[in-house]
Amino acid sequence: EAQVTQNPRYLITVTGKKLTVTCSQNMNHEYMSWYRQDPGLGLRQIYYSMNVEVTDKGDVPEGYKVSRKEKRNFPLILESPSPNQTSLYFCASTTIGGEQYFGPGTRLTVT
Amino acid sequence: AQSVAQPEDQVNVAEGNPLTVKCTYSVSGNPYLFWYVQYPNRGLQFLLKYITGDNLVKGSYGFEAEFNKSQTSFHLKKPSALVSDSALYFCAVSPLSGNTGKLIFGQGTTLQVKP
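Fair warning: this is a prediction, and the values are worked out from it, not measured in the lab.

J.: What's the story with the overall build of chain B in this structure? I'm lost.
T.: Of the regular secondary structure elements, chain B holds zero helices and twelve strands. Counting helices and strands in the order they occur from the N terminus, chain B gives β-β-β-β-β-β-β-β-β-β-β-β. Over its C-alpha atoms chain B spans a radius of gyration of 13 Å, differing by no more than 12% from the 13 Å that the globule rule assigns to 115 residues. Seen through its principal axes, chain B has C-alpha atoms that stretch 40 × 30 × 20 Å. Going through the 115 residues of chain B one by one, you find that 49% of them count as buried. Element-wise, carbon and sulfur atoms account for 50% of the exposed surface of chain B, whose accessible area totals about 5300 Å². Each charge sign in chain B was given a centre, from 9 positive and 7 negative side chains, and these centres are 6 Å apart.

J.: Is there a simple way to explain the state of the cysteines in this structure?
T.: Note on terminology: disulfide describes a covalent bond linking the sulfur atoms of two cysteines. Residues and elements named next belong to chain A. Across all of its chains, the model carries two disulfides over all chains by this definition. There is a disulfide in this structure between Cys-23 and Cys-91, and the S-S distance comes to 1.8 Å. One disulfide, between Cys-23 and Cys-91, carries an S-S torsion of -70° and so falls in the left-handed class. Residue Cys-23 is found in strand β3 (residues 19-25), and its partner Cys-91 is found in strand β9 (residues 87-94); the two are separated by 68 residues along the sequence. The exposure classification of Cys-23 matches that of Cys-91, with both residues buried.

J.: Would you explain the nonpolar core in this entry?
T.: Buried together is how nonpolar side chains tend to be arranged in soluble globular proteins. The biggest cluster of nonpolar side chains holds 29 residues, and the ones touching the most others in it are Trp35(B), Leu47(B), Leu48(B), Phe74(B), Leu76(B) and Tyr89(B). Among the elements of the structure, β2 (10-14), β3 (19-21), β5 (32-38), β6 (44-50), β8 (64-68), β9 (73-78), β10 (87-94) and β12 (109-114) of chain B are those that each provide at least two residues to this core. Looking at which element gives the most residues to this core, the answer is β10(B), with four residues. Judged by nonpolar contacts, the second largest core, of 19 residues, contains Leu19(A), Val21(A), Tyr64(A) and Leu108(A).

J.: Explain the environment of Tyr61(B) here, please?
T.: Residues and elements named next belong to chain B. Looking at the secondary structure, you find Tyr-61 in the loop between β7 (56-58) and β8. In this structure Tyr-61 touches Tyr-39, Gln-45, Leu-47 and Lys-78, once residues within four positions along its chain are discounted. Here Gln-45 takes part through its side chain, which lies 3.0 Å from a polar atom of the side chain of Tyr-61.

J.: Sorry, what's going on with the packing of aromatic side chains here?
T.: Working definition: an aromatic ring pair is given by the centre-to-centre distance plus the angle between the planes. All names here are of chain B. What the rule picks out here adds up to 14 aromatic pairs over all chains. Geometrically, the ring pair formed by Tyr-50 and Phe-67 is stacked, given 4.2 Å between the ring centres and 20° between the ring planes. In this pair, Tyr-50 sits in strand β6 while Phe-67 sits in strand β8, placing the two residues 17 residues apart along the sequence. Taking the relative accessible area as the measure of exposure, Tyr-50 reaches 7% and is therefore buried. Judged by centre distance (6.2 Å) and plane angle (80°), the ring pair of Phe-90 and Phe-105 falls under edge-to-face. Placement of Phe-90 in strand β10 and of Phe-105 in strand β11 (residues 104-105) is noted, with a sequence separation of 15 residues between them. For Phe-90, a relative accessible area of 0% corresponds to the buried category.

J.: What is the right way to read the pairing of strand β11 (residues 106-110) of chain A from this model?
T.: The two faces of a sheet get side chains in turn, since along a regular strand they alternate between them. Residues and elements named next belong to chain A. Residue alternation in β11 divides its side chains into a buried set, Thr-106, Leu-108 and Val-110, and an unburied set, Arg-107 and Thr-109. Where strand β2 (residues 10-13) lies against β11, four bridges are found, and the strand directions are parallel. Residue Thr-13 lies in a different strand from β11, and its bridge partner there is Val-110. Where β9 lies against β11, three bridges are found, and the strand directions are antiparallel. Counted as the bridge partner of Leu-88 is Arg-107 from β11.

Calculation rules
- Residues numbered from 1 in each chain as written.
- Chains lettered and ligands numbered in written order.
- Predicted model: local features only at pLDDT ≥ 70, side-chain atom pairs only at ≥ 80, totals over all residues.
- Heavy atoms only, no water.
- Helix = DSSP H or I, 4+ residues; strand = E, 2+ residues; numbered from the N terminus.
- Rg over C-alpha atoms; globule rule 2.2 N^0.38 Å.
- Buried < 20%, exposed > 50% of the residue type's maximum accessible area, 1.4 Å probe, protein only.
- Areas by Shrake-Rupley, 256 points an atom, 1.4 Å probe, with all protein chains shown as cover.
- Lys, Arg positive; Asp, Glu negative; His and termini not counted.
- Charge placed at Lys NZ, Arg CZ, Asp CG, Glu CD.
- Disulfide = S-S within 2.5 Å.
- Core = buried A, V, L, I, M, F, W, Y, C linked by side-chain atoms within 4.5 Å.
- Contact = heavy atoms within 4.5 Å.
- Polar contact = N/O pair within 3.5 Å; in protein donor to acceptor, adjacent residues only side chain to side chain.
- Phe/Tyr/Trp six-rings, centres within 6.5 Å; stacked < 30°, edge-to-face > 60°.
- Pairing = 2+ DSSP bridges.

All quantities given are derived from atomic positions and should not be read as evidence of function.
Structure, rendered in C-alpha cells:
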C-alpha cells in the first residue's frame, strides 16, 4: 500500500530538548515536504526536498532543520524546541504530477 | 508577496444543494492549482488539480473546480452536497511553473452540510 508514515504521532516535550520526527514514504517520490498546521493559518510549508541531499526553505523554516540522506526518508529536527512550535505537523510526498500524499500527522506540544 | 486566499472561514449548505468554496491566488507565472480535503482527525487527501487545458477540472467524490485566469480564482464546486462532504477544505498553489515542490496553502474553509 502506498503510504507516508510519521513517528511519533503524539509528542509532549519541554523547551530546549532536541527532538526528531521521522517521515518515510514507499512510493519512490523525489519530492518531499514538511508542513505545520495551526488554526486560522492553514498549512505552512517548513522545508521541502527535491531529491537526496537537495533541500530548500519553505515559508516558516526558522527553528527547524531537515535532512535527506535517503530518498524514502525526510526527518524533521527541532534542535531547541520552543512553545511557539507547538503545532500539528504533516509530512508529504509528491508525485511527478504535483499531487501530495500526506502522512497522518504528528501533534507536538512544547511546554 | 505570493499568497492564496480562501475568503470564507465556513460555508453552510443544505444536503442536496450545490456548493461552492472560493479560492483566489496571487502568484506569478503559470501555477499548478490544487484542492485538498481534511476530514476530522485525519490527514489531508488530494481532491483535484489544474495544470493546463480545460478550465473545468473534475476530481474525487464528485467535486470539480473552475479555473479563471483573469480573476485568478480556482473555486471548488459540487452540484449536490452530501452530509459526508462536511470537512475542512484547502486550496493550494505551486507558485512557479512546473512541479517544484514548493506549495502555498490557503487558510482553509470549513464546509458544513446539514441534512
